[in-house]
Protein chains: 2
Amino acid sequence: MAERGENGRKNDPQQTKEDILLVATEEFSTHGLAGARVDAIAEKTRTSKRMIYYYFGSKEGLYLAVLEQSYRKIRSLESDLHLSNLEPEEALRTLISTTFDHDEANPDFVRLVSIENIHHAAHMLRSEAIRDLNVSVIETIAGILERGFDQGVFRRKADPIDIHMMISAFCFFRVSNRYTFGTIFRRNLSDGDTIERHRGMIADAVVSYLKS
Amino acid sequence: MAERGENGRKNDPQQTKEDILLVATEEFSTHGLAGARVDAIAEKTRTSKRMIYYYFGSKEGLYLAVLEQSYRKIRSLESDLHLSNLEPEEALRTLISTTFDHDEANPDFVRLVSIENIHHAAHMLRSEAIRDLNVSVIETIAGILERGFDQGVFRRKADPIDIHMMISAFCFFRVSNRYTFGTIFRRNLSDGDTIERHRGMIADAVVSYLKS
DNA sequence: CAAAATGTACTAACTAGTTCGTATGTCAAG
DNA sequence: CTTGACATACGAACTAGTTAGTACATTTTG
């Protein structure tokens, strides 16, 4: 068993890897892939640069691991919502609120996705893990839209991926562009009232779109 | 007068600066601030690295100049739309289409804004030029919303900045996140049909939101 | 002991920025 | 109009500092 000694080294590969990933997530998300410094990550870690290369091979390997872990975290949160018992409109509003809150609570993730887009999603393409995600959300939305249309609450037959994009766009933009937007319009998007208003806005917009 | 010789050097400061800016825009937008290489920019230019520092002082100075120029370009395009003669709904739809088409046509600009957000809009803050922009759009939207409400076409009293954000979010996201989104959902957002559908979608969504 | 895990110290390559020297344009005096 | 002096515009090669990645030795663990 690996116990923490006072000064003597104890091997704990799992903890070491997690520690590196945690620090790396922060570093990559605030500086970008090129701007992040391996030495800076190593320093903030309780281990050394040697271990980064031991476990992740290269700076890009570490970046990819960070990206994969971030996506994996979302998948687990998304699945247990049980929206099929709810009325279509209620289900949709719940899903939207969840997406909204997730993005608001995970600016690191949002920033990583922005960074990945700057790199044309090149790393994402190389990772099978990431590509296979998010499919479940589309199925969920598709189900809600179909039920809503059949019941006559939604008058419009919309494409689920389009609806997902509409929701994502708003929720994501609020976080990804909060600095430039906040600077230009002198408005703090992290403000409590603003958050509440926006959460309602996007839901109302999507629902009214489907009903029109 | 500075004539272009066959091989002999001719001084043309204006052209030199523009040349550098053009190349730098491309480089920064595809690699980010840290990822961009001054040497790479210099090579693609018809001049040398020396001139980059001669005219822009530093890598960051060049980046800021690129950013400022990009914003300046938009301002000029935005102003001459003459929306006050149109009916509120028509005016709003025209404005939305313009924003949509602008973002679609200027991925470099979109990417630069994304990059600037990764840097917490730090450079933008230092530039008075940029901060004072975009205010006119808000006034335009405010006017449309007011007229629409008075005429009874819009039932909802919405905040013009919120509406601007809603529009921007959708138009911007389509371009900024086209790579990750396209990879995950195997959908090409630059596809002609998709573009047409999305242009209509965002307009319908905003209008139906205001009417509900 | 063997394999896995870790630390220290190093290096080769890269990269922002500079030094030094040259060419070009301008404008005033002759 | 031509000369020359001064400021602006430019190029090639260099440098100092940084940074991703590694060689080698050591400790831990089973």
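All figures in this text were calculated on a predicted structure; none of them were measured in a lab. Each chain carries its own residue numbering, running from 1 in the direction its sequence is written. Going through the entries in the order they are written, you letter the chains from A and number the ligands from 1. Reporting in this predicted model follows two pLDDT cut-offs: at least 70 for local features of residues, and 80 or more for side-chain atom pairs to be given and counted; totals over whole chains, interfaces and linings ignore these cut-offs and use all residues.

Visitor: Summarise the overall build of chain A; cite the residues concerned and give the values.
Guide: Helix and strand counts for chain A stand at 12 helices and zero strands. Numbering of helices and strands starts at the N terminus; helices are DSSP runs of H or I of at least 4 residues and strands are runs of E of at least 2. When the helices and strands of chain A are listed from N to C terminus, the series reads α-α-α-α-α-α-α-α-α-α-α-α. C-alpha atoms of chain A, sized along the principal axes, occupy 70 × 45 × 35 Å. Exposure in this text rests on C-beta crowding, where 20 or more other C-beta atoms within 10 Å of a residue's own make it buried, 12 or fewer make it exposed, and counts in between make it partly exposed. The C-beta atoms are placed from the backbone. Evaluated residue by residue, chain A yields a buried proportion of 38% over its 212 residues. The contacts of chain A with a sequence gap of at least 6 include a subset with a gap of at least 24, amounting to 67%. It is the C-beta atoms, placed from the backbone, that decide contacts: two residues are in contact if theirs lie within 7 Å.

Visitor: I'd love a proper account of the interface of chain A and chain B, names of residues and values included.
Guide: Much of the literature gives interface size as the accessible area that the parts lose upon coming together. Every contact between the two is made by 42 residues of chain A and, on the other side, 42 residues of chain B. In terms of residues, the side of chain A that touches chain B owes the most to one element, helix 10 (residues 160-176) of chain A, which gives 10 residues. Residues of the side of chain A that touches chain B, tallied by class, amount to 22 nonpolar, 14 polar and six charged. When residues are grouped by polarity, Ala, Val, Leu, Ile, Met, Phe, Trp, Tyr, Cys and Pro land in nonpolar, Asp, Glu, Lys and Arg in charged, and all others, Gly among them, in polar.

Visitor: I'd love a proper account of the nonpolar core, names of residues and values included.
Guide: One finds Val 206 of chain A together with Val 206 of chain B to be the most contacted residues of the largest nonpolar core, which totals 112 residues. Once residues lying within four places of it in the same chain are set aside, the contact partners of Val 206 of chain B are Leu 92, Ile 96, Ile 163, Met 166 and Ile 167 of chain B. Each nonpolar core comprises buried Ala, Val, Leu, Ile, Met, Phe, Trp, Tyr and Cys residues, the members being joined through C-beta atoms within 7 Å.

Visitor: Give me the UniProt feature "domain: HTH tetR-type" (unreviewed entry) in chain A: which residues, what numbers.
Guide: UniProt positions are given in the numbering used here, feature names are shortened, and annotations may be inferred rather than shown by experiment. In this numbering, the UniProt entry assigns the feature "domain: HTH tetR-type" (unreviewed entry) to residues 14-74 of chain A. Taken end to end, residues 14-74 of chain A has its terminal C-alpha atoms 21 Å apart, with 87% of it in helix and 0% in strand.

Visitor: So what's going on with the UniProt feature "DNA-binding region" (unreviewed entry) in chain A? Residues and values would help.
Guide: Feature annotation in UniProt assigns "DNA-binding region" (unreviewed entry) to the following positions: residues 37-56 of chain A. With 75% helix and 0% strand, residues 37-56 of chain A has its two end C-alpha atoms placed 15 Å apart.

Visitor: Lay out the domain arrangement of chain A in plain terms, naming residues and giving numbers.
Guide: All names here are of chain A. Domain assignment breaks chain A into domain 1 (10-57) and domain 2 (67-211). Start and end points for every domain follow an automatic or database-based domain assignment. Once you take the C-alpha centre of each, domain 1 and domain 2 turn out to be 30 Å apart. At the interface, seven residues of domain 1 touch seven residues of domain 2. In terms of residue class, the side of domain 1 that touches domain 2 is built from three nonpolar, three polar and one charged.

Visitor: Please set out the relation of the copies chain A and chain B residue by residue, giving values where relevant.
Guide: The atoms used to superpose the copies are C-alpha atoms, taken from residues with pLDDT of at least 70 in both, and the fit is least squares. Superposition of chain A onto chain B requires a rotation of 180° combined with a translation of 0.0 Å along the rotation axis, giving an RMSD of 0.1 Å. Accordingly, the operation relating the two chain copies is best matched by a two-fold axis. The residues that chain A uses at the interface reappear at the interface of chain B in 100% of cases, marking a shared surface.

Visitor: Which residues make up the protein's contact with DNA strand D, and what values go with them?
Guide: For each residue, a C-beta position is placed from the backbone atoms; the residue is near a molecule or strand when that point lies within 6 Å of it. Neighbouring residues of DNA strand D: 24 residues in total, closest Val 38 and Lys 59 of chain A together with Pro 13, Thr 16 and Thr 47 of chain B. Broken down by secondary-structure element, the contributors of at least two residues to the surface near DNA strand D are helix 2 (38-44) and helix 3 (49-56) of chain A together with helix 1 (13-35) and helix 3 (49-56) of chain B.

Visitor: Go over helix 12 (residues 192-211) of chain A with me, naming the residues and quoting the values.
Guide: An α-helical turn contains 3.6 residues, so a residue and the one three or four places further along point in the same direction. If you check helix 12 of chain A, its first and last C-alpha atoms are 29 Å apart, about what 20 residues at 1.5 Å a residue would give, namely 28 Å. When we look at burial in helix 12 of chain A, the residues that qualify are His 198, Arg 199, Ile 202, Ala 203, Ala 205, Val 206, Val 207, Tyr 209 and Leu 210 of chain A. Where helix 12 of chain A is buried, its residues touch helix 5 (88-105), helix 9 (135-151) and helix 10 of chain A together with helix 10 (160-176) and helix 12 (192-211) of chain B. Multiplying 1.5 Å by the residue count of a helix minus one yields the expected span of that helix.

Visitor: Please provide a residue-by-residue account of the packing of helix 5 of chain A against helix 9 of chain A, values included.
Guide: Residues and elements named next belong to chain A. Between helix 5 and helix 9, the least distance of the axes is 9 Å, while the angle of their chain directions is 150°. In terms of their interaxial angle, helix 5 and helix 9 are classed as roughly antiparallel. Remark: the crossing between helix 5 and helix 9 carries left-handed chirality. Here Pro 88, Glu 89, Ala 91, Leu 92 and Leu 95 of helix 5 come into contact with helix 9, specifically with Thr 140, Ile 144, Arg 147, Gly 148 and Gln 151. Considering only residue class, the contact of helix 5 with helix 9 consists of five nonpolar, three polar and two charged. Only the contacting stretch of a helix is used when fitting its axis, a line to C-alpha atoms as for every element, and angles between N-to-C directions run 0 to 180 degrees. By the definition adopted for this analysis, an angle is roughly parallel if under 35 degrees, roughly antiparallel if over 145, roughly perpendicular if from 65 to 115, and oblique otherwise. Rotating anticlockwise by less than a right angle from the far helix to the near helix defines a left-handed crossing, while the corresponding clockwise rotation defines a right-handed one.

Visitor: Give me unusual backbone geometry: which residues, what numbers.
Guide: Phi is mostly negative for residues that are not glycine, and the peptide bonds are mostly trans. Residue and element names in this part refer to chain A. A positive phi angle, close to 60°, is found at His 120, a residue other than glycine. Structurally, the position occupied by His 120 is in the loop between helix 6 (107-118) and helix 7 (122-126). The phi dihedral of Arg 186 is positive, around 50°, even though this residue is not glycine. If you trace the backbone, Arg 186 turns up in the loop between helix 11 (178-185) and helix 12.

Visitor: Just give me the short version of the environment of Glu 27 of chain B, but keep the residues and values in it.
Guide: Residues and elements named next belong to chain B. Along the chain, Glu 27 falls in helix 1. Overall, the presence of 21 C-beta atoms within 10 Å leaves Glu 27 in the buried class. Sequence separation between Glu 27 and Arg 155 is 128 residues, and the spatial gap between their C-alpha atoms is 46 Å. Filtering out sequence-adjacent residues up to four positions away, Glu 27 remains in contact with Ala 36, Ala 40 and Ile 41.

Visitor: Before we move on, could you go through the environment of Thr 98 of chain B and cite the residues and values that matter?
Guide: All names here are of chain B. Checked against the element boundaries, Thr 98 lands in helix 5 (residues 88-105). Taking the number of C-beta atoms within 10 Å as the measure of exposure, Thr 98 has 17 and is therefore partly exposed. On a C-alpha basis, the gap between Thr 98 and Arg 199 in space is 9.7 Å, while along the polypeptide they are 101 residues apart.

Visitor: So, helix 5 of chain A: which residues are in play, and what are the values?
Guide: For helix 5 of chain A, spanning 18 residues, the distance from its first C-alpha to its last is 26 Å, which sits close to the expected 26 Å at 1.5 Å a residue. Of all the residues in helix 5 of chain A, the buried ones are Pro 88, Ala 91, Leu 92, Leu 95, Ile 96, Thr 99, Phe 100 and Asp 103 of chain A.

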